[in-house]
Amino acid sequence: MTRISLLRYSSNGIFPFLSFSAISPSASAFAIRYYSSFHCNIENVKCLDDALSLFRRMIRTQPLPSVFSFSKLLKTMVNMKHYSAVISLVRKMLKLNIPVNNFILNIVINNYCLMHRSDCGFSMLAIYLKNGIPFDVVTFSTLLRGLFAENKIKDAINLFKKLVREDICEPNDFMYSIVMNGLSKRGHTQKTFDLLRVMEQGSTKPDAYIYNIVIDALCKDRMLDAAFSLFEETKQKGIPPNFVTYGFCKLGRWEEVRTLFFEMVNLNIYPDVCTLTIVTDGLCKEGKVEDVEEVMRHMIRKGVEPNVVTYNVIIDGYCLRGQMDRARRHFDSMIGKSIKPDIVSYNILINGYCKDNKLDETMHLFHEISRNGLRPDSFTYSIILKGLFDVGRTDFAQKFFVKMQSTGLKPNLCTNLILLRGYFQNGLVEKAMSLFHELEIQRENTDIEFHNVVINGLCKNGSFDKAHVVFEKLSLIGLFPNVITYNTIINGFCLEGLLDESKNMLRKMEENGCSPNNGTYNVVLRGFLKFSKISEITTFLKEMNERGFSFDAATAKLLIHLLAENPSLLNMIPQFHSGNKK
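As the structure is a prediction and not an experimental result, all values here were calculated from the model.

Looking at the overall build of the protein chain
Then, in step 1: Secondary structure summary: the protein chain contains 32 helices and zero strands in total.
Then, in step 2: Relative to its full complement of 582 residues, the protein chain shows a buried share of 47%.
Then, in step 3: Restricting to contacts in the protein chain with at least 6 residues of sequence separation, those with at least 24 account for 60%.

Structure representation (structure tokens):
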């Protein structure tokens, strides 16, 4: 009888393969059908029940399917985010003495880490030792990534040092990138930079991706000169400038960006559409939309076609500048090139029209969304609601909100803030407070910004007492006032002529660990100026100047008016011409 060897392992024990030496043609065909049947079944797994059902069939099959088939099924389940189920199945495999390899064990460790249980991931190392399976770089890279995800920075650094120092596992570029990413994203820029220098001295040299991590970290930490110097180093080492260089976009280094872009072109390195979008986004946010047009024309000539995201960035750039005709022209141009606008495209253009108070164009676009097979989202409705409130069309705004709810969309924090601001802005205080109390009962919004809107709305509508009650309740519901909250309530005191209370609130603010800003001092000073409190003004100006705060336009106007009526006051305030705004 011919023996069929269905399973053999490669030297690293990861990828089993079929061996057909000394196998008859019929047995060979059987083996292929056997392997293919499970492979096809795994491809058809669409949900957890499918996966569990297939697993039960696999463990009952004789001979057992290959380790590769089991690992493929487990990987499919990971992609479906059934982490606990994957761990449960592997435990069953171990209990039934079904062979596992380091690929399967790495999957389990990755699952534990995705569940933020890196401690359980480390416990799996005992199974490697028990089964004589060697650890590999993937094992420890996964554990390192898990530690960083749980913000266990010290543990991650200690593990990495131990791996290198005790020669347990030689880090590759992937492991280095995990450690550098983990450090940089948590603000350890210097450690990231130091590790780069260590890597440069070792056998594994950093590539463009690694340098990008460090350059990006330096940019975020506003160490621009160091970032640019490191970039220059990469060029000297023969690493071509690619999309990694565009960390400078984030911080407005547009001359460098322009130089780098054309340097890439001169080297016949053409950024892909993703890079093009990054650059256009940065340029548009800086108001340099014309430069974007030039970059786009250049890239199109080189065969890099912009996609819907690129067009959205450019349309948004023109909307930010209030150039709605140009924004619409690019929107139509996108459609003309058979690039279908998405809901983001419509939201950007609708937002631009709303800010320009062009509600007819806004509503025309809104109705066009459904005609083009798209569905308005919460953001779409929120933008239009704000636009309607801004022009005082409160009745239509309320009907529009009802329409939003009828579609099944639930208002989020942004929508509720717009409703509250809109009601207060148009004097509908009872309507605003009704919504506020309704949301309080539902505990839908516990954000301080939400309460800031209510306090500010009540103050502006002459209901300071009610605003003060809302302010006093903040601590009872576990919220801490921020500088905007304090500035609003202090301004309320000043408008009511309660200047001593405003000064007391300023001191209380500092006692509670909230530092006053330039706006705080201007609010209090304007209160003193309105009521011509000369002695308080001179004392307060001195304090304001010592803290480095300066007048804003509204304060300066009141001060000039008071000086015109009391010229002698100028000699009492030598700080009038000084002060650096913070």
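Some remarks on the packing of aromatic side chains
Then, in step 1: With the rule as written, the count across this model stands at 16 aromatic pairs.
Then, in step 2: Both rings, one in Tyr 381 and one in Phe 400, keep their centres 5.1 Å apart while their planes meet at 45°; by these two values the pair is tilted. Of this pair, Tyr 381 sits in helix H21 (residues 378–390) while Phe 400 sits in helix H22 (residues 394–406), and the two are 19 residues apart along the sequence. Each member of the pair, Tyr 381 as well as Phe 400, carries the same accessibility label: buried.
Then, in step 3: Ring geometry for Phe 464 versus Phe 493: centroids 5.0 Å apart, planes at 65°, classification edge-to-face. Remark: Phe 493 occurs in helix H27 (residues 483–495) and Phe 464 occurs in helix H26 (residues 464–473); sequence separation between them is 29 residues.
Then, in step 4: By relative accessible area, which is 6% here, Phe 493 ends up buried.
Then, in step 5: Each member of the aromatic cluster is reached from another via a ring pair, and the members are Phe 366, Tyr 381, Phe 396 and Phe 400.

Some thoughts on the pattern of salt bridges
Then, in step 1: Counted by the stated rule, this structure contains 14 salt bridges.
Then, in step 2: The closest approach of N and O atoms between Arg 526 and Asp 552, which form a salt bridge, is 3.0 Å. With a gap of 26 residues between them, Arg 526 in helix H29 (residues 518–530) and Asp 552 in the loop between helix H30 (534–546) and helix H31 (553–565) connect regions that are remote in the sequence.
Then, in step 3: With relative accessibility at 24%, the residue Asp 552 sits in the partly exposed group.
Then, in step 4: Several salt bridges share partner residues, and in doing so they unite Arg 507, Glu 510, Glu 543 and Arg 547 into one network.

A closer look at the nonpolar core
Then, in step 1: In this structure, Leu 349, Leu 420 and Ile 490 are the most contacted members of the largest nonpolar core, which totals 88 residues.
Then, in step 2: Excluding its chain neighbours within four sequence positions, the residues that come into contact with Ile 490 are Ser 502, Met 505, Leu 506, Met 509, Thr 520, Val 523 and Val 524.
Then, in step 3: One finds Ala 51, Leu 54, Ile 153 and Val 179 within the second-largest nonpolar core, a separate group that totals 69 residues.

Quick word on the packing of H21 against H22
Then, in step 1: Taken N-terminus to C-terminus, the directions of H21 and H22 make an angle of 170°; their axes are 8 Å apart at the nearest point. Between H21 and H22, the angle falls in the class roughly antiparallel. Here Ser 378, Tyr 381, Ile 384, Leu 385, Leu 388 and Phe 389 of H21 come into contact with H22, specifically with Thr 394, Phe 396, Ala 397, Phe 400, Phe 401, Lys 403 and Met 404.
Then, in step 2: Split into classes, the residues belonging to the contact of H21 with H22 amount to ten nonpolar, two polar and one charged.

Quick notes on the packing of helix H17 (residues 308–320) against helix H18 (residues 324–336)
Then, in step 1: Where H17 contacts H18, the axes come no closer than 7 Å and their chain directions differ by 165°. In terms of axis orientation, H17 runs roughly antiparallel to H18. Crossing geometry of H17 relative to H18 is assigned as left-handed. Only Met 324, Arg 326, Ala 327, His 330, Phe 331, Ser 333 and Met 334 of H18 make contact with H17, whose side of the interface consists of Val 308, Tyr 311, Ile 314, Ile 315, Tyr 318 and Cys 319.

Thoughts on helix H5 (residues 102–114)
Then, in step 1: The first and last C-alpha atoms of H5 sit 18 Å apart over 13 residues, in line with the 18 Å expected at 1.5 Å per residue.
Then, in step 2: In terms of residue burial, H5 counts as a mostly covered element, since eleven of its 13 residues are buried.
Then, in step 3: Among the residues making up H5, those that are buried are Asn 102, Ile 104, Leu 105, Asn 106, Ile 107, Val 108, Ile 109, Asn 110, Asn 111, Tyr 112 and Cys 113.
Then, in step 4: Tucked into the core, H5 has its buried residues touching helix H3 (67–79), helix H4 (83–95), helix H6 (118–123), helix H7 (125–130) and helix H8 (137–149).
Then, in step 5: Capping the start of H5, Asn 101 holds a side-chain oxygen 3.2 Å from the backbone nitrogen of Phe 103, two or three residues further along.
Then, in step 6: One or two positions beyond H5, positive phi appears at His 116, with a value near 60°.

Quick notes on H27
The α-helix advances 3.6 residues per turn, and as a result positions three or four apart in sequence lie on the same side.
Then, in step 1: Compared with an ideal rise of 1.5 Å per residue, which puts 13 residues at 18 Å, H27 spans 18 Å between its outermost C-alpha atoms and is within 8% of the ideal.
Then, in step 2: All of the buried residues along H27 are Thr 485, Tyr 486, Asn 487, Thr 488, Ile 489, Ile 490, Gly 492, Phe 493 and Cys 494.
Then, in step 3: At its buried positions, H27 is contacted by helix H25 (448–460), H26, helix H28 (499–511) and H29.
Then, in step 4: Of the residues that open H27, the one with a side-chain oxygen 3.1 Å from the backbone nitrogen of Ile 484 is Asn 482.
Then, in step 5: Within two residues after H27, Gly 497 carries a phi angle of roughly 80°, on the positive side.

Quick look at the confidence of the model for the protein chain
Segments scoring low in pLDDT should not have their predicted coordinates read at a detailed level.
Then, in step 1: Per-residue pLDDT for the protein chain has a mean of 81; in total, 81% of the residues score no lower than 70.
Then, in step 2: A low-confidence stretch, residues 1–37 (pLDDT under 50), is modelled with 49 contacts involving residues beyond four sequence positions or located in other chains.

A look at a positive patch on the surface
Then, in step 1: Taken together, the side chains of Arg 56, Arg 57, Arg 60, Lys 92 and Lys 95 define a basic patch exposed on the protein surface.
Then, in step 2: Secondary-structure elements contributing two or more residues to the positive patch are helix H2 (48–60) and H4.
Then, in step 3: With three residues, H2 is the single largest residue contributor to the positive patch.
Then, in step 4: Position of Lys 95 among the secondary structure elements: in helix H4.

Some words on unusual backbone geometry
Then, in step 1: A cis amide bond links Gln 62 with the next residue in sequence, Pro 63, at an omega value of -5°.
Then, in step 2: With respect to the helices and strands, Pro 63 occurs in the loop between H2 and H3.
Then, in step 3: Positive phi, normally seen in glycine, also occurs at Asn 97, with a value near 60°.
Then, in step 4: Summarising the element assignment, Asn 97 is placed in the loop between H4 and H5.

So, the side chain of Asn 106
Then, in step 1: With respect to the helices and strands, the residue Asn 106 is situated in helix H5.
Then, in step 2: There is a polar contact of 2.4 Å between the side chain of Asn 106 and the side chain of Tyr 128.
Then, in step 3: Filtering out sequence-adjacent residues up to four positions away, Asn 106 remains in contact with Tyr 128, Asp 136, Val 138 and Thr 139.

Basis of the calculations
Residues numbered from 1 in each chain as written. Predicted model: local features only at pLDDT ≥ 70, side-chain atom pairs only at ≥ 80, totals over all residues. Heavy atoms only, no water. Helix = DSSP H or I, 4+ residues; strand = E, 2+ residues; numbered from the N terminus. Buried < 20%, exposed > 50% of the residue type's maximum accessible area, 1.4 Å probe, protein only. Contact = heavy atoms within 4.5 Å. Phe/Tyr/Trp six-rings, centres within 6.5 Å; stacked < 30°, edge-to-face > 60°. Salt bridge = Lys/Arg side-chain N within 4 Å of Asp/Glu carboxyl O. Core = buried A, V, L, I, M, F, W, Y, C linked by side-chain atoms within 4.5 Å. Axes fitted to C-alpha atoms, helices over the stretch in contact; angles between N-to-C directions. Parallel < 35°, antiparallel > 145°, perpendicular 65-115°, else oblique. Nonpolar A, V, L, I, M, F, W, Y, C, P; charged D, E, K, R; others polar. Left-handed = near helix turned anticlockwise from the far one by under 90°. Expected span 1.5 Å × (residues − 1). Polar contact = N/O pair within 3.5 Å; in protein donor to acceptor, adjacent residues only side chain to side chain. pLDDT = per-residue confidence, 0-100. Patch = residues over 30% accessible without salt bridge, like charges linked within 9 Å, V, L, I, M, F, W, Y side chains within 5 Å. Areas by Shrake-Rupley, 256 points an atom, 1.4 Å probe, with all protein chains shown as cover. Lys, Arg positive; Asp, Glu negative; His and termini not counted. Charge placed at Lys NZ, Arg CZ, Asp CG, Glu CD.

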